[in-house]
Amino acid sequence: MKRPYFIVIFIVAHIFFIFFQIHKHSKVIKLSYKKQKSEQKKELLVQTIQDLKQQLYEMQKRSSIKKFAQEQLKMRKIKLSQINKIKIEPQ
Amino acid sequence: MIKTYKIRTVFIFLVFCLLYAIILFNLYLIQVKQSAFFADLGEKQYNVTVSRYAARAEIFDRTKKQPLALNKDCLSAFILPKQLAEPEKVKTFLRTHFPLTEKRLRSQKNKNFMFVQRKLSKEQEKVIQKAELKDIKLLKERGRFYPVACAGPVIGTTDIDNKGLFGIELQCNEQLGGTPAIYSLEQEARSGHFYFKKEMHKKGTPGKPIHLTLDSDLQFLVHEELVDTIKRWNAQEGAAIVMNPKTGEILAMVSAPTFDPNNFSGTDLEKTKNKTITESYEFGSIAKAFAALAALEEGVAHIDEQINCGGSKTTYVDGRKVNTLVAHGVLSFSEVVELSNNIGIAIVAKRLNETLYDHYLRLGFGKKTGILFPGEQPGFINPPSKWSKQSIISLSYGYEMTCTLLQIAQAFCTIARDGYPIQPKLLLDTKQKIATTPLYKKETMDVIKQILENTTLRGTARRAGIKGYRVMSKTGTANLLVDGQYSPEKNIYTCAGIVEKDGYQRVIVAFVKEAQKENAYAATVAAPLFEKVAEKTLIHDKVV
């Protein structure tokens, strides 16, 4: 192989290597950004779950349920003496 | 002409040379002279060490489904005092709604950053949003939400940095909070939101959830009954415990009046106390049950033994004056406890002398229960070395000794378990000491149970009885100490006992302090409360 030809190939190969290295690095950064965005999204979703849970348990407060049962459904407190145990004999 | 041209060329050349020289000089300054400074600056902008806590773990009740403490994000308001665009408007707003912050702002004008209020309440959030001030900025911080507010004194709360302040939140702070992960980031200097490289230095551990033995439904039901009783008697405060004596598990532990753990700022700290553990009192005649137990175990008294109670409200026992509420003549030993006669129990206690102190210690009084709850009181029993002639008499009906409601519940668990003691348990997953040897003989236990059942059937605890169930209970009315003297106007009313049916057992202890109405005795205040709590417990547990 002629010497000048070899040098050209050597230089071109290096240019390609440098190009691929830069390409690889930019790809890594791009994917890293994507990952971080997904992480942020996940955090946001976790927060939403927390908020929804809080709303759910706020609505399930026993005092609110009691108020609803007594005022809307006209339910009354039960006494032990009002409970009768019924035995159902198997037929 | 040519000469002028040459001069111009040389001049321009020199100007450019000079410019290059300046650039080179600057480069020299930056790269060589001040290289350390700029390298450090770049490092700071680029490399960041971050420590990050995992989300604080949740607290659940015994069902493992109902949360008692959850995470939630809270808003905090802040200002940048040096960069205020409308300082007068901000000051006026703060003066009206956050006067303390306005005071701070006046004294620290040159601060770069200042919190207006951390963890804003909903009302405060609305006020800030309505004001529409650009200088007041909001940021999100981690906080806690407590769905079962009446469990507040047991669960406790966290401080502004989300660390346990009291209650279970403090007791299990390390387990709930976990340890932070520490890593370094090669941060993108421009936005600061993204990074190029992340390197973990120390792996963090996430917080572990806690499961309590409490039943959140029962907790609510017992709390309601307690609040009702306090209202009805216009009392100062009260507390109640429901325990399963077979396992030592505490199913309900309530104090009233209580606080809202979701709106903690400005709360009266007195209301945050778990009164069943952190307050000890002289509970009065409840102690007669334990004095009788000691007398029966030591063989110094018999259930049917006839004791002369003097026939009056005041008698002298060994030269010491003893008062009792109702005058009785000759009573059997069982009746002495049933009718809560101070004279009768004092006569028997005299026979026990220092042994009574040993029995109180054996039942767990005067020392912590081992539940490890923050602020637990060990109580106090006057030791024989400090006794006066009155001491043995006072100790027999619950004076010169203080104890917590939990200690009374623990002692009643020993009775329910036929003499085998058990350590109270609040954390579901912890192992506890299980005694293999009984503290008392089975025969003694059978007798004391019979006496306590009689107390419910025909004694002072009649109103604690429930038809169809075996209830073994004892009441106690005790004067409170005011300025070093016992006040007959200020009392504490207690009822403790065991409810049984077909192998089902529950120990219930309830007290009410300082009822403001007439005819207030443990028999009229605490016994009906005991009965209501027992009814609620039985209905809840479907034991009908």
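Placed above this text is the structure.
Basis of the calculations
- Residues numbered from 1 in each chain as written.
- Chains lettered and ligands numbered in written order.
- Predicted model: local features only at pLDDT ≥ 70, side-chain atom pairs only at ≥ 80, totals over all residues.
- Heavy atoms only, no water.
- Pairing = 2+ DSSP bridges.
- Helix = DSSP H or I, 4+ residues; strand = E, 2+ residues; numbered from the N terminus.
- Axes fitted to C-alpha atoms, helices over the stretch in contact; angles between N-to-C directions.
- Contact = heavy atoms within 4.5 Å.
- Phe/Tyr/Trp six-rings, centres within 6.5 Å; stacked < 30°, edge-to-face > 60°.
- Buried < 20%, exposed > 50% of the residue type's maximum accessible area, 1.4 Å probe, protein only.
- Lys NZ or Arg CZ within 6 Å of the ring centre and 35° of its normal.

A.B. asks: Where do I start with the sheet that holds strand S19 (residues 504-513) of chain B in this structure?
C.D. replies: Strand-to-strand pairing in sheets goes through backbone hydrogen bonds, with the strands running parallel or antiparallel. Residues and elements named next belong to chain B. Pairing in this open sheet of five strands is antiparallel, and the strands run S10-S9-S19-S18-S17 from one edge to the other. On the outer flanks of this sheet lie strand S10 (249-256) and strand S17 (470-482), each paired with one strand and no other. Strand-to-strand twist of the sheet, defined as the mean angle between neighbouring strand axes without regard to direction, takes the value 10°. Across 13 bridges, S17 lies against strand S18 (residues 485-501) in antiparallel orientation. Bridge assignment links Ser-473 to a residue of S18, and that residue is Gly-497. Against the sheet, helix H16 (residues 442-458) engages S17, S18 and S19, with an angle of about 75° to S17.

A.B. asks: Hey, could you run me through the sheet that holds strand S7 (residues 195-202) of chain B in this one?
C.D. replies: One open sheet holds the three strands; their spatial order is S1-S6-S7 (chain B), and the pairing between them is antiparallel. Sheet topology places strand S1 (47-52) and S7 of chain B at the edges, where each strand pairs with a single neighbour. Across the sheet, the axes of successive neighbouring strands diverge by a mean angle of 25°, strand direction being ignored. Bridge analysis of strand S6 (residues 181-187) of chain B against S7(B) gives six bridges, and the strand direction is antiparallel. By the bridge assignment for S7(B), Glu186(B) is matched with Lys197(B). The strands touched by helix H1 (residues 3-59) of chain A within the sheet are S1 and S7 of chain B, with S7(B) carrying the most contacts at an inclination of about 65°. Along the sheet, helix H2 (residues 35-46) of chain B makes contact with S1, S6 and S7 of chain B, crossing S1(B) at roughly 35°.

A.B. asks: For this particular structure, what's the right way to read the packing of aromatic side chains?
C.D. replies: Aromatic rings considered in pairs are described by the distance between their centres and by the relative angle of their planes. Residues and elements named next belong to chain B. With the rule as written, the count across this model stands at 18 aromatic pairs over all chains. Geometrically, the ring pair formed by Phe-290 and Phe-412 is edge-to-face, given 5.6 Å between the ring centres and 75° between the ring planes. Here the residue Phe-290 occupies a position in helix H10 (residues 286-298), and Phe-412 occupies one in helix H15 (residues 405-416), the gap between them amounting to 122 residues. Of the two residues examined, Phe-290 and Phe-412, each falls in the buried class. Among the aromatic residues, those joined into a ring-pair cluster are Phe-290, Tyr-360, Phe-365 and Phe-412. It is Arg-118 that lies over the ring of Phe-115; its NZ or CZ is 4.8 Å from the centre.

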